[in-house]
Amino acid sequence: MNIAICTPLAANWQQVHADCWQDDRGNRIHRVEIDDEALYHCHFAGSPLPWNAVATSLDEAIAVFDGHPD
C-alpha cells in the first residue's frame, strides 16, 4: 500500500501527468514503481542518458537539479 503525500512543487516545476514532472529548463522526473516501492528517475535536459540520477522521493529528486548548471 502506497500513501501519497502531496507537497507543493517549487515554482519552476509542473506536473505533466500522474507520474511525470518537468521544470522550466526541460529537466524531467519520472516516478516508477518497482516491487511496491516508488523511485524517481531524474533526467537532465539534453542528456543522452535515459536518466541521470535516481531518488526515493519527489523532494529528493527536485533537489538533484538544484546544483546542476543549465
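Structural notes, computed from the coordinates. (Residues numbered from 1 in each chain as written. Predicted model: local features only at pLDDT ≥ 70, side-chain atom pairs only at ≥ 80, totals over all residues. Heavy atoms only, no water.)

### Topic: the side chain of His-41
What counts here: Put simply, DSSP marks the helices as runs of H or I at least four residues long and the strands as runs of E at least two long, and each gets a number from the N terminus on. Burial classes: relative accessible area under 20% of the type maximum marks a residue as buried, over 50% as exposed, and values in between as partly exposed (1.4 Å probe, protein chains only).
Structurally, the position occupied by His-41 is in strand β4 (residues 37-43). Residue class for His-41 comes out buried when judged on its relative accessible area of 13%.

### Quick look at the nonpolar core
Put simply, the rule is: Within this scheme, the nonpolar core is defined by two criteria: the residues are buried Ala, Val, Leu, Ile, Met, Phe, Trp, Tyr or Cys, and they are joined through side-chain atoms within 4.5 Å. Contacts are assigned to residue pairs with any non-hydrogen atoms lying within 4.5 Å of each other.
In terms of nonpolar packing, the biggest core is built from 13 residues, with Trp-13, Trp-21, Ile-29, Tyr-40, Leu-58, Ala-61 and Phe-65 touching the most fellow members. For this core, the elements supplying multiple residues, two or more each, are β4, β5 (53-55) and α1 (58-66). Per-element accounting of this core gives the leading share, four residues, to α1. Setting aside residues up to four positions removed in sequence, Phe-65 forms contacts with Trp-13, Arg-25, Asn-27, Arg-28, Ile-29, Cys-42, His-43 and Phe-44.

### So, the packing of aromatic side chains
To describe a pair of aromatic rings, you give the distance between the ring centres and the angle between the ring planes. Our working definition: Two rings from Phe, Tyr or Trp (for Trp, the six-membered ring) form a pair when their centres are within 6.5 Å of each other. A pair whose planes differ by under 30 degrees is stacked, one over 60 is edge-to-face, and the rest are tilted.
Counting across every chain of the model gives three aromatic pairs. Between Trp-21 and Tyr-40 the ring centres are 6.0 Å apart and the planes differ by 45°, which places this aromatic pair in the tilted class. Here Tyr-40 lies in strand β4 and Trp-21 lies in strand β2 (residues 20-23), a separation of 19 residues in the sequence. For the pair Trp-21 and Tyr-40, a shared accessibility class is recorded, and that class is buried. Site record: aromatic cluster; members linked through ring pairs are Trp-13, Phe-44 and Phe-65.

### Observations concerning unusual backbone geometry
Note: most residues except glycine have negative phi, and most peptide bonds are trans. A positive phi angle is found at Asp-35, which is not glycine, with a value near 50°. As for its position among the elements, Asp-35 is in the loop between β3 (28-34) and β4. Under the relative-accessibility criterion, Asp-35 is labelled exposed at 73%. Despite not being glycine, Asp-36 shows a phi value in the positive range, around 60°.

By themselves, these figures tell us nothing about what the structure is for.
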